[in-house]
Amino acid sequence: MKTVYSDEHRHQDGKAELIDGKLMPCFEMPRRADMILARVKEVKLGEVIEPDDFGIGPVKRVHKANFVEFLRGAWDLWVKQHGAYDALPLNWATRGMRTIEPEAIDGKLSHYSFDAGTPITAGTWRAITAAANVALSGLALLAKGESGAFSLCRPPGHHAGSDFYGGYCFFNNAAVAAQAFIDAGARRVAVLDVDYHHGNGTQEIFYERSDVLTISIHADPKQEFPYFLGHADEAGAGKGTGFHLNLPLRWGSAWDKYEAALAAAMTKLIAYEPEAVVVSLGVDTFEGDPISKFRLRHEDYLRMGQAIAKSGKPTLFVMEGGYAVEALGINAVNVLMGYEQAVRR
Ligand SMILES: [Zn+2]
């Protein structure tokens, strides 16, 4: 399997995020991608290629123009107001307030974000445009006939919606790829999100559509971030009704419970008969993850890859979360190796 990777991810290198009531060093760090790339090379997974530049057009197919322009200009506005250090929001509109976009940069950050864990830095724009290109270049490999491809995206994307960022995510790389596949003429694409956290952005983007099936297996939002989406009764709206599946699991879930949820996900996915599958590949389900509470082990990720291969469809793996940095390469690449082994059989 080929891997698409760009060094540009290094430009997203936040200093601090607000977590557990403290400003802590960012869990979402450049070393994450380094560990995965090192493992890809160590096991000789396949060629590592640079992305092509697709421009901002495909990003604007899933993100609103005002949001894209906000991200493009946010750093400069912040520096003008405060100086050259990372930008974090302070407050959010809740029930009873209005959502008119403020003029001041601090208000704009609040307007377009949903957490204080996702700093906008000097290099954010460079990193996120490169990550979208990494996803699109992986999709191009499928179009050329590859049965699987790995887009080593960083920062991740699945929490980012049509006009909001958060959860370390700015552009929704998986959604950009899924939309590009539809725009190239596909009638049906499935997005399978195996990150520990609910793929709220992906669900929001496609919620009223039937041409992109979204499935997410994640920690129950009653217990876990992002808290306000990902309940089992969310199945789509309008034309999208029945084309979105949420499989929340409780804290402490290990492979036995996870395997059953993944089997249910694959049954739904296969019945949909997609022309391609996009996997939002987060491995923060690992027992050693510092911010998560599932108990998957190294060998479970091989099994996960084997189960995903049952679709028999071209599959693009898009990197999402995973914060046990030293184990990240083994876990992410185990999914890819499990997939390859099953496809070759
Ligand atoms: Zn996650």
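Residues numbered from 1 in each chain as written. Predicted model: local features only at pLDDT ≥ 70, side-chain atom pairs only at ≥ 80, totals over all residues. Heavy atoms only, no water.

Draft legend 1. Local environment of the overall build of the protein. In terms of regular secondary structure, the protein is built from nine helices and ten strands. The C-alpha atoms of the protein give 19 Å as radius of gyration, which agrees with the globular expectation for 345 residues (20 Å, within 12%). Each principal axis of the C-alpha distribution contributes one length, and for the protein these read about 60 × 45 × 40 Å. Taking all 345 residues of the protein together, the buried fraction comes to 57%. Pairs at least 24 residues apart make up 77% of the contacts formed inside the protein by residues separated by at least 6 positions. For the protein, the accessible surface area stands at approximately 14100 Å², while carbon and sulfur atoms represent 53% of it. (Helix = DSSP H or I, 4+ residues; strand = E, 2+ residues; numbered from the N terminus. Rg over C-alpha atoms; globule rule 2.2 N^0.38 Å. Buried < 20%, exposed > 50% of the residue type's maximum accessible area, 1.4 Å probe, protein only. Contact = heavy atoms within 4.5 Å. Areas by Shrake-Rupley, 256 points an atom, 1.4 Å probe, with all protein chains shown as cover.)

Draft legend 2. Summary view of the sheet that holds strand β4 (residues 48-49). Ordered by their spatial adjacency, eight strands build an open sheet running β4-β1-β5-β10-β9-β6-β7-β8, and the pairing between neighbours is parallel. Since the sheet does not close on itself, it has two edges, and those belong to β4 and β8 (244-249), each with one partner. One ladder, built from three bridges, connects strand β1 (residues 2-4) with strand β5 (residues 148-151); its direction is parallel. Within β5, the position partnered with Thr3 by the bridge is Phe150. Against the sheet, helix α4 (residues 124-143) touches β1, β4, β5 and β10 (315-319), its axis set at about 170 degrees to β5. Sitting on the sheet, helix α7 (residues 255-272) touches β6 (189-193), β7 (212-219), β8 and β9 (276-281), and the angle it makes with β7 is about 175 degrees. (Pairing = 2+ DSSP bridges. Axes fitted to C-alpha atoms, helices over the stretch in contact; angles between N-to-C directions.)

Draft legend 3. Quick look at the coordination of the zinc ion. Within the protein, the atoms that donate to the zinc ion are Asp195 (OD), His197 (ND1) and Asp284 (OD), at distances of 2.0 to 2.1 Å. Each donor residue of the zinc ion belongs to the same chain, and together they define the spacing D-x1-H-x86-D. Note that Asp195 is positioned in the loop between β6 and α6 (200-206) and Asp284 in the loop between β9 and α8 (298-308), a separation of 89 residues in sequence. Across the pair, exposure class does not vary: Asp195 and Asp284 are buried alike. (Donors = N, O, S within 2.8 Å, 3.2 Å for Na, K, Ca; no water.)

Draft legend 4. Inspection of the packing of aromatic side chains at higher detail. All chains considered together, the criterion is met by 16 aromatic pairs. Aromatic pair Phe67 and Tyr112: ring centres 5.9 Å apart, planes at 45 degrees, arrangement tilted. Of the two residues, Phe67 sits in helix α2 (residues 65-82) while Tyr112 sits in helix α3 (residues 105-112), which places them 45 residues apart along the sequence. We note that Phe67, like Tyr112, is buried. Across from the ring centre of Tyr272, 5.9 Å away, lies the NZ or CZ of Arg188, which sits over that ring. The ring of Trp251 has Lys293 lying over it, and the distance from NZ or CZ to the ring centre is 4.5 Å. (Phe/Tyr/Trp six-rings, centres within 6.5 Å; stacked < 30°, edge-to-face > 60°. Lys NZ or Arg CZ within 6 Å of the ring centre and 35° of its normal.)

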